[in-house]
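In case you want the letters, here they are:
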Amino acid sequence: MNLLTEWLHTWRVPLLALLVLLSLGMAGPVLAQADPEGEIATAVPATDADTWRQVRSGETGPNYRDSRFDSNYNLINASGETWRQIRNRWVSPFGLIAICGMLAMIVLFYLIVGRKHLDEPRTGRKLLRWTALERSLHWSVATLFIILALTGLNLLYGKFLFKTLFGDAFWAGMISGSKMLHNYLGPLFGVLLVIILAKFLVRNLPSKHDWTWFKQGGGLIGKGRHPDAGFANGGEKVWYWLLATAGLVVIASGLVLDFPNYGQSRDAMQWANIVHAVGALGLTAVALGHIYIGTLGTEGSLEGMATGYVDETWAKEHHNLWYEEVKHQAADADETLGEESTPPQRSS
Amino acid sequence: MAQMKFMCDAERCIECNGCVTACKNANDVEWGIQRRRVVTLNDGEPGEVSISVACMHCDDAPCMAVCPTDCFYKTDDGIVLHDKDLCIGCGYCLYACPFGAPQFPKQNAFGERGKMDKCTFCAGGPANSKEEEYQKYGANRIAEGKLPLCAEMCSTKALLAGDAQTVADIFRQRVVQRGHEDGAWSSLEGRPATADELAYDATRQQ
Amino acid sequence: MRLTRKTDTPKSTSGLGISRRQFLKRSGAATGGLAAAGFMSAPMMQRAESAEKTPVLDAPVETKRTICSHCSVGCGVYAEVQEGIWTRQEPAFDHPFNRGAHCAKGASLRQHGHSSRRLKYPMKLVDGEWQRMSWDEAIEEIGNKVLELTGQHGPDSIYWLGSAKFNNEQAYLMRKFAALAGTNNTDHQARICHSTTVAGVANTWGYGAMTNSLNDLQNSKSIMFIGSNPTEAHPVAMQHILLAKERSQAQIIVVDPRFTRTAAKADSYIRIRPGSDVAFIWGLLWHIFENGWEDREYIRQRVYAMDEVRTEVANFTPAVVENITGVPEAAMRDTARRLAENRPGCVVWCMGGTQHTTGNNNTRAYCILELALGNIGVSGGGANIFRGHDNVQGATDLGLMSHSLPGYYGLAEGAWRHWARIWDLDYEWLESRFDQTEYADGKPMFSNGITVSRWVDGVLEDEEAISQRTQLKAMFYWGHAVNSQTRGPEMQKAMQQLEMMVIVDPYPTVAGVMHDRRDGVYLLPAATQFETYGSVTATNRSLQWRDKVIEPLFESKPDHEIMYLLARKLGFADELCKHIEVNGTEPLIEDITRELNRGMWTVGYTGQSPERLKTHQQNWHTFDFHTTRAEGGPADGDYYGLPWPCWGTAEMGHPGTPILYDTSKRVSEGGLTFRARFGIERNGENILADGVFSRDSELEDGYPEFTADMLKDLGWWDELTEEEKREAEGKNWKTDLSGGIQRVAIAHECAPFGNAKARCNVWTFPDPIPKHREPLYTSRRDLVADYPTWDDVASHYRLPTLYRSIQEKDVTGDYPIILTSGRLVEYEGGGEETRSMSWLAELQQEMFVEINPALANDLGIAEGDDVWVEGAEGGRVRVKALVTPRVAREVVFMPFHFGGMFQGESLHDRYPEGSAPYVLGEAANTATTYGYDSVTQMQETKCTLCRIEKAS
């Protein structure tokens, strides 16, 4: 059971990607419901064929003038419809499928398999795993992530539910609050994420035993035995590197959207928006798994991030290599109060 | 039910920008926002052509489809309006609009754009009083049985506004008078349209 | 320069409470605050903020009928007013000229009622600072200075520069004012607009005005625009032009150095070298004569001296023409063929034709072309001269010029006696007002005054060289944009030498800021034409009545009231308004109209009584869009606006003349013949019409002007009433105040002014047959020997005028590029007014120079670069480069509407607080140069030389 969780944890993202790709293939034929060309034809009928081609392409050549003084928009926003289709037909529905699917799988997993308890009884001796700084960083980032995820989801899906549910007046406040929280907290999240990524970089550098960890599906394959893991196991490293890649991309694209004052083009913002949405929806789905494993899913994990200390048994079972390095530092529970020494790192 | 449309007869448009200022006149639009704009292709060369564009009140409006707050709605006349109290200035309508119609009074950090503004076909917008409606959206000429001021004041009658069928009829008549190929919709295939095809797009209703 | 969105809260909220009507949005700061507040508090709802806009009122709506004040097309406007506030502008679909249509300027007229950039109260410059003063103080101080200067230097030391923005009544009153002040030093913008047209055309066939109407353009089969760009200058005229193109497949031909927006709508575009118009026209005539395309019968009956033209044209073979104009033979022949095969056709010209040292030659050449084709006096034909300002036609007709009294009566003693009778003033008293000394040009009362184009030289020229007692000592700029005049740097020098400058205008204007003076400048706020009422003459000679839309904003006063106040201070108010009712200090407009009706016999401004004009104004809908004739209704049968000549008295009910010289109509119904203005014979040859006459004319051949004696000879004398006989005895059709001579002539369907031939030879002009002459600053030195300019003239309009001595200097080494100028649709004239309208200013925020891509590459200039354009006399402007194929490689173009920058320096801070226009820019004319027409002193703005450098 534990192994299944770990396996899913690891392969969730590629699976999702595959699912999305398959769905896109199926969605293709039903695209193009809008007809901007028709609207253009209605709007400017008296043009000859050459002009018509020019207009339609959105490319307007060197001697193009606009009565708007500082406009850099072409006559026709040729990519607008593409953006709309990608967003509304692909990203929006499949983002929902990804997130709901993930939630459903977690619920299912929990109902069938239940919580992963420690195999051995607790020794009562504690190991310092997270310092106060690390914990506050983690919880700040986590809180911001959740706020951004919720407000982001509201921006994408809220109108289908809350507008009719609560009425325009409440919805107006809700959605404008969402946008403001999202726009003002987003950059803060970005800064903190970069700090936390830097802080945890060394622990998350890949090593040989990670490969074994993956081959054994995090313990799912080859029953009864945990694969080797240092301070961070293979699954955690994947989460780290997801944040370090997709996370940073989401942040960068978010900044493109959040600061129109730099005059980036409409096209740039369209692409940024798609990248942002895909990345953020994916991360949100993965984050659900992270949250599950870190709280309900695994006994002893949450207390580590809550208090900073983990039980010797937990360490031995989940992070045996790390445990080997630090076991001499294990202390009785009452001794750990107020302890703030840095946990030893893997030296090699 | 009428289906309101704009149509710009590019053979007549002389880029005088009368429509742009007529709009300002009717709606008191602030500096920096032109609900209607005039663009010119091949400026200064043979083949120079000018076109006046604003919100085209699309049948299947992309702005409506992508708005996160669902602030757009369509009137019985097919006019696409929006509720400025709901607008959050996210800019999505601008990303989606084929015509660059939505505009924002600002373009500040943290996506502070202010409330989106666009052509209302001189049909105002949702408000509790006439004053509020004018302050937020400008004139409601449609309610008085008048058409948008930009088209009414067009210097050469290039810009037409009104029921799609009527507008198409006027245009078709002009094409017949002009009696040459380029006076018509040149159609998607790049060939001149036949008389039957002329009204196709404008009369199409959903 | 990007515009900053600053709105100044006016200090004064008197009058109608301007703060309430300040529609412009305040700065964006409030929004940030609002957003933050929304972020903190619940519910976090961002209400749409409301910009300050025109208030929405429930008060009753008064609808005023007025006429756009931006150009001479004369578009009708419905202005809706509530509680004195101009709240709405509605299209006048029933107006016969525009059918509700407007260009950018017309569509933003309502902003005139809300302008916050106006000159708000009288001000004077004291030690470099603007000081507010009361009207009483201002009139007192200015008046004292005028009296002092008049006493010291004579009345000619003060220049009364009037305006084409006046309505007819104000223009007339201003000319009368100058006369009573004892000077002919008064003028207005017609001098630098169509003076060469008026002189050239009037001397060809009688009247110097547009022969047909905009509506009649719909009947043309071909329209040739030469030096005219109606899509920008007269956009609503394009409605008629495009109708001609669409409905009758009219050939649209554009001849211009620039591929204009009009050219974009044309069937054929011909690019010519600036200043080569006469050669171009002769080139067309060469093909016309060569192929026998001329209308021989028409020429035989109605044209004098076409043979002399034929001789001159013979020199302009295709090769010669190509060398001068740059147009190849095939294109010349094609153009001539299009004109010949598509008759009736007309020619349209504007500043591109007139603003040249050879302007009078150009305009006569165009006329001769149309005469050769038989296009004059027919519907669809004509010399359709589009006038510029809304009332430049009217102000010209009403004689606001230095060389004539109202009605083109001239300045001879007879003219003065005629007007003295109308004014009911003693001729001797009038004479006594003038300087009695005789100068080179004669006595000042009878000699042409200094022109608006030359006031700079009137200040700077040596005293001995000027044909009056002293140089000019004080200038009144009464509705004038000095940046529309050439030679900016010298103008600034002249301003510094003046003892007093008085600017009377709704806006401070460039004159108020470019002088670099510390004192001696007064600003008097004038009301706009929407804040007063009266009549205005459109380009087609129609008079239209305007309602007053709103009360004058701030402390401004209508121009005629300011004239009265000054006249009262100067001591001739009673004479000025002897038969004009004065309410408080405002002369009654209708009385002024009636007074001018009584004297304007020459051009037929006699039938347009205020009552008839108001009837037309109230019945726009009864006039046909195609013919402009009323069908039914109270004005049944009248042509809209009673286009002059509207013969006889108002009681006679003449319908106006829609097409000049149209013999297919009865004179009583608007028909005419060519005017017998130049005698009856020339060198023994009869110059009266030969066997042609207007419909139903009882005189079936040419005849001279009608006089009392002629009526007696014809036996028609007794058709006059006894009262008419008493007045008419010894008079002619121009001086008979009873109108009897005109009435009887028309009763016999004869034109009061006779029936003659149009003349191709104007023997009183420097070039009797128009000649091609190279511009003073020509880039084609090789052509100077064959086509030289004239010799210098010692005194013309009181000033020495240079030609040969300028052309002799070869400056092409330093200044190789041809510089020309023109208009933008968003602005008008000097642009102070339109650049102060935010709706318009937003559309054109940068002064620029158009440069051909090849030239730009040669100079290493890219689009958007700052460049210095330096004119051949050293005036420099710093502007943005606009790289475009619109201009040819050797030509650059600048729009002339900008001002408020001078040779790289911003004058923004010299405007009185809060009155600087939204958009400032260099004036194109800072870089333009010397050059004045040999007949009218028209300035040369369309062809000079310059160099361009990238600004660092």
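As annotated in an unreviewed UniProt entry, chain C carries the name Formate dehydrogenase and is attributed to Litchfieldella qijiaojingensis. Turning to chain C, the UniProt record has this under Subcellular location (unreviewed entry): "Cell envelope". Its UniProt record gives chain C the following Sequence similarities (unreviewed entry) comment, quoted word for word: "Belongs to the prokaryotic molybdopterin-containing oxidoreductase family."

With an unreviewed UniProt entry as reference, chain B is termed Formate dehydrogenase iron-sulfur subunit, source organism Litchfieldella qijiaojingensis. Taken verbatim from the UniProt record of chain B, the Cofactor (unreviewed entry) comment is "[4Fe-4S] cluster".

Novice: Would you explain unusual backbone geometry in this entry?
Specialist: For residues besides glycine, phi is generally negative; the peptide bonds are generally trans as well. Residue and element names in this part refer to chain C. The linkage connecting Arg 343 with the following residue, Pro 344, adopts the cis geometry, with an omega of 0°. Tracing the sequence through the fold places Pro 344 in the loop between helix H11 (329–341) and strand E12 (345–349). Across the junction of Trp 644 and Pro 645, the peptide omega takes the value 0°, indicating a cis bond. Examined against the element boundaries, Pro 645 turns out to sit in the loop between helix H22 (610–618) and strand E21 (681–682). A positive phi is found at Thr 628, a non-glycine position, where the angle reads about 65°. Thr 628 sits in the buried class, given a relative accessible area of 4%. Notably, Arg 798 is not glycine yet its phi reads approximately 75°, a positive angle. Mapping Arg 798 onto the fold places it in the loop between strand E24 (793–796) and strand E25 (799–801). Overall, the relative accessible area of 0% leaves Arg 798 in the buried class.

Novice: I keep staring at the UniProt feature "domain: 4Fe-4S Mo/W bis-MGD-type" (unreviewed entry) in chain C and nothing clicks. Help me out?
Specialist: On the UniProt side, "domain: 4Fe-4S Mo/W bis-MGD-type" (unreviewed entry) is annotated at positions that read residues 61–117 of chain C here. As annotated, residues 61–117 of chain C has a helix share of 0% and a strand share of 35%, and its two end C-alpha atoms lie 26 Å apart.

Novice: Looking at this structure, I do not really get the confidence of the model for chain B. What am I missing?
Specialist: Detailed conclusions should not be drawn from predicted coordinates in areas where pLDDT is low. Across chain B, the average pLDDT comes to 85, with 86% of residues at or above 70. This stretch, residues 181–206 of chain B, has a pLDDT under 50; its non-local contacts, to residues over four places away or in other chains, come to 64 contacts.

Novice: Teacher, can you tell me more about the pairing of strand E6 (residues 159–163) of chain B here?
Specialist: Along a regular strand, successive side chains alternate from one face of the sheet to the other. All names here are of chain B. E6 sits mainly inside the fold: four of its five residues count as buried. Here five bridges tie strand E1 (residues 4–8) to E6, and the two strands are oriented antiparallel to one another. From the neighbouring strand, Met 4 faces E6, where its bridge partner is Asp 163.

Novice: Is there a simple way to explain the sheet that holds strand E2 (residues 37–41) of chain B in this structure?
Specialist: Picture the strands of a sheet paired through backbone hydrogen bonds; they go either parallel or antiparallel. The antiparallel open sheet is built from three strands, whose spatial order is E1(A)-E2(B)-E3(B). Pairing within the sheet leaves two strands with one partner each, and these edge strands are strand E1 (65–66) of chain A together with strand E3 (49–53) of chain B. Across two bridges, the pairing between E1(A) and E2(B) is antiparallel. The partner of Asp66(A) across the bridge, within E2(B), is Val39(B).

Novice: In this structure, what is going on with the pairing of strand E3 (residues 85–91) of chain C? I would like to understand it.
Specialist: Residue and element names in this part refer to chain C. Summarising burial for E3: six of the seven residues are buried, a large majority. Two strands pair when backbone bridges link them, and strand E2 (residues 76–82) and E3 are joined in this way by six bridges, in the antiparallel orientation. Across the sheet, residue Ala 79 finds its bridge partner in E3, namely Gln 89. Between the antiparallel neighbours E2 and E3 lie two residues, among them Glu 83 with a positive phi of about 50°.

Novice: Would you take a moment to explain the packing of helix H8 (residues 234–258) of chain A against helix H9 (residues 266–297) of chain A for this structure?
Specialist: Helix-helix packing is characterised by the crossing angle of the two axes and by the distance between the axes. Residue and element names in this part refer to chain A. At a minimum axis separation of 8 Å, H8 and H9 run at an interaxial angle of 145°. Judged by the sense of rotation from one axis to the other, the crossing of H8 with H9 is left-handed. Two secondary-structure elements touch here, H8 through Trp 239, Leu 242, Leu 243, Ala 246, Gly 247, Val 249, Val 250, Ser 253, Gly 254, Val 256 and Leu 257 and H9 through Ala 268, Met 269, Ala 272, Asn 273, Val 275, His 276, Gly 279, Ala 280, Leu 283, Val 286, Ala 287 and His 290. Split into classes, the residues belonging to the contact of H8 with H9 amount to 16 nonpolar, seven polar and no charged.

Novice: What is the right way to look at the interface of chain C and chain B in this model?
Specialist: Accessible area lost upon the coming together of the parts is a frequently used measure of interface size. At the junction of the two partners, chain C supplies 62 residues and chain B supplies 54 residues. Between chain C and chain B, a total of about 5,000 Å² is buried, with carbon and sulfur atoms accounting for 50% of that surface. Sorting the residues of chain C by area buried against chain B places Lys53(C), Glu246(C) and Glu842(C) first, and these three jointly supply 14% of that buried surface. Applying the counting rule to chain C against chain B returns 13 salt bridges. Between Arg110(C) and Asp28(B) there is a salt bridge, with the nearest N and O atoms lying 3.1 Å from each other. Our count for the contact surface shared by chain C and chain B stands at 30 residue pairs in polar contact (both at pLDDT 80 or more). Elements supplying a minimum of two residues to the side of chain C that touches chain B: helix H1 (29–40), E3, helix H6 (237–247) and helix H27 (838–841) of chain C.

Novice: Whenever I open this one, the interface of chain B and chain A confuses me. Can you help?
Specialist: Opposite the 69 residues of chain B that make contact, chain A presents 65 residues. Note on chain B versus chain A: buried area summed over both sides is about 5,600 Å², and carbon and sulfur give 55% of it. For the salt bridge of Arg65(A) with Asp43(B), the shortest nitrogen-to-oxygen distance reads 3.1 Å. The interface formed by chain B and chain A includes 31 residue pairs in polar contact (both at pLDDT 80 or more).

Novice: What's the story with the environment of Glu705(C) in this structure? I'm lost.
Specialist: Residue and element names in this part refer to chain C. Residue placement: Glu 705 occurs in the loop between strand E22 (685–686) and helix H23 (708–714). Distance in space between the C-alpha atoms of Glu 705 and Glu 312 is 31 Å, their sequence separation being 393 residues. Sequence-distant contacts of Glu 705, that is, excluding residues within four places in its chain, are made with Ala 676, Met 710, Trp 733, Lys 734, Pro 752, Phe 753 and Gly 754. Among the polar contacts made by the side chain of Glu 705, one reaches the side chain of Trp 733 at a distance of 2.8 Å.

Novice: What's the story with empty space enclosed by the protein in this structure? I'm lost.
Specialist: Taken as a whole, the largest cavity holds about 740 Å³ of empty space. What lines the largest cavity is a set of 37 residues, among which Gly152(A), Leu155(A), His182(A), His276(A) and Ala280(A) lie closest to the centre. Grouping the amino acids of the lining of the largest cavity by side-chain chemistry returns 23 nonpolar, ten polar and four charged. Computed from the structure, the second largest cavity encloses a volume of approximately 630 Å³. Considering the residues around the second largest cavity, the lining is formed by 41 residues, among which Lys165(C), His389(C), Ala481(C), Gly829(C) and Gly830(C) are closest to the centre. When its residues are assigned to classes, the lining of the second largest cavity shows 13 nonpolar, 20 polar and eight charged.

Novice: Would you mind showing me how to read the sheet that holds E12(C) here?
Specialist: Residue and element names in this part refer to chain C. One open sheet holds the five strands; their spatial order is E10-E9-E8-E12-E13, and the pairing between them is parallel. Edge positions in the sheet fall to strand E10 (268–270) and strand E13 (382–385), since each of these pairs with one other strand and no more. Ignoring strand direction, the axes of neighbouring strands in this sheet form an average angle of 20°. Note: strand E8 (residues 222–226) against E12, five bridges, orientation parallel. Along E12, the bridge assignment pairs Ile 223 with Cys 346.

Novice: Honestly, the side chain of Gln742(C) in this entry has me stumped. Any pointers?
Specialist: All names here are of chain C. Turning to its location among the elements, Gln 742 is positioned in helix H25 (residues 740–747). A polar atom in the side chain of Gln 742 sits 2.9 Å from the backbone nitrogen of Gly 648. Setting aside anything within four residues of it in sequence, one finds Gln 742 in contact with Trp 601, Trp 647, Gly 648, Trp 733 and Pro 752.

Novice: What am I meant to see in the nonpolar core here?
Specialist: Soluble globular proteins tend to bury their nonpolar side chains together. Judged by nonpolar contacts, the single largest core of 154 residues is most densely connected at Trp160(C), Phe280(C), Trp282(C), Leu285(C) and Phe706(C). Look past the residues within four positions of Leu285(C) in its chain and what remains in contact with it is Glu290(C), Val309(C), Val313(C), Ile368(C), Leu369(C) and Ala372(C). Formed by 118 residues, the second largest nonpolar core is a distinct cluster that contains Tyr157(A), Cys58(B), Val66(B) and Ile88(B).

Novice: What should I look at first to understand the packing of aromatic side chains in this one?
Specialist: Aromatic ring pairs are described here by two measures, namely the spacing of the ring centres and the angle between the planes. Taken as a whole, this structure holds 51 aromatic pairs over all chains when the rule is applied. Taking the centre distance of 4.5 Å and the plane angle of 15° together, the rings of Tyr184(A) and Phe110(B) count as stacked. Of this pair, Tyr184(A) sits in helix H6 (residues 168–199) while Phe110(B) sits in the loop between helix H3 (92–96) and helix H4 (130–137), each in a different chain. Exposure remark for Phe110(B): the relative accessible area of 25% places this residue in the partly exposed category. On the basis of an interplanar angle of 55° and a centroid distance of 5.9 Å, the ring pair of Tyr172(C) and Trp419(C) is categorised as tilted.

Novice: So what exactly am I meant to see when it comes to the packing of helix H4 (residues 80–112) of chain A against helix H5 (residues 132–166) of chain A here?
Specialist: Residues and elements named next belong to chain A. At a minimum axis distance of 11 Å, the contact between H4 and H5 shows a crossing angle of 120°. Considering only the axes of H4 and H5, their crossing is left-handed. On H5, the residues that touch Arg 87, Val 91, Ser 92, Gly 95, Leu 96 and Ile 99 of H4 are Leu 153, Leu 155, Leu 156 and Tyr 157. For the contact of H4 with H5, a count of residues per class yields seven nonpolar, two polar and one charged.

Procedures and definitions
Residues numbered from 1 in each chain as written. Chains lettered and ligands numbered in written order. Predicted model: local features only at pLDDT ≥ 70, side-chain atom pairs only at ≥ 80, totals over all residues. Heavy atoms only, no water. UniProt positions renumbered as here; feature names shortened; annotations may be inferred. Helix = DSSP H or I, 4+ residues; strand = E, 2+ residues; numbered from the N terminus. Buried < 20%, exposed > 50% of the residue type's maximum accessible area, 1.4 Å probe, protein only. pLDDT = per-residue confidence, 0-100. Contact = heavy atoms within 4.5 Å. Pairing = 2+ DSSP bridges. Axes fitted to C-alpha atoms, helices over the stretch in contact; angles between N-to-C directions. Left-handed = near helix turned anticlockwise from the far one by under 90°. Nonpolar A, V, L, I, M, F, W, Y, C, P; charged D, E, K, R; others polar. Buried area = accessible area lost by both parts, 1.4 Å probe. Salt bridge = Lys/Arg side-chain N within 4 Å of Asp/Glu carboxyl O. Polar contact = N/O pair within 3.5 Å; in protein donor to acceptor, adjacent residues only side chain to side chain. 1 Å grid on protein atoms, 1.4 Å probe; cavity = no way out; pocket = protein on both sides within 12 Å on 5 of 7 lines; lining within 4 Å. Points joined across faces, edges and corners; volume = space filled by probe spheres on them. Core = buried A, V, L, I, M, F, W, Y, C linked by side-chain atoms within 4.5 Å. Phe/Tyr/Trp six-rings, centres within 6.5 Å; stacked < 30°, edge-to-face > 60°.

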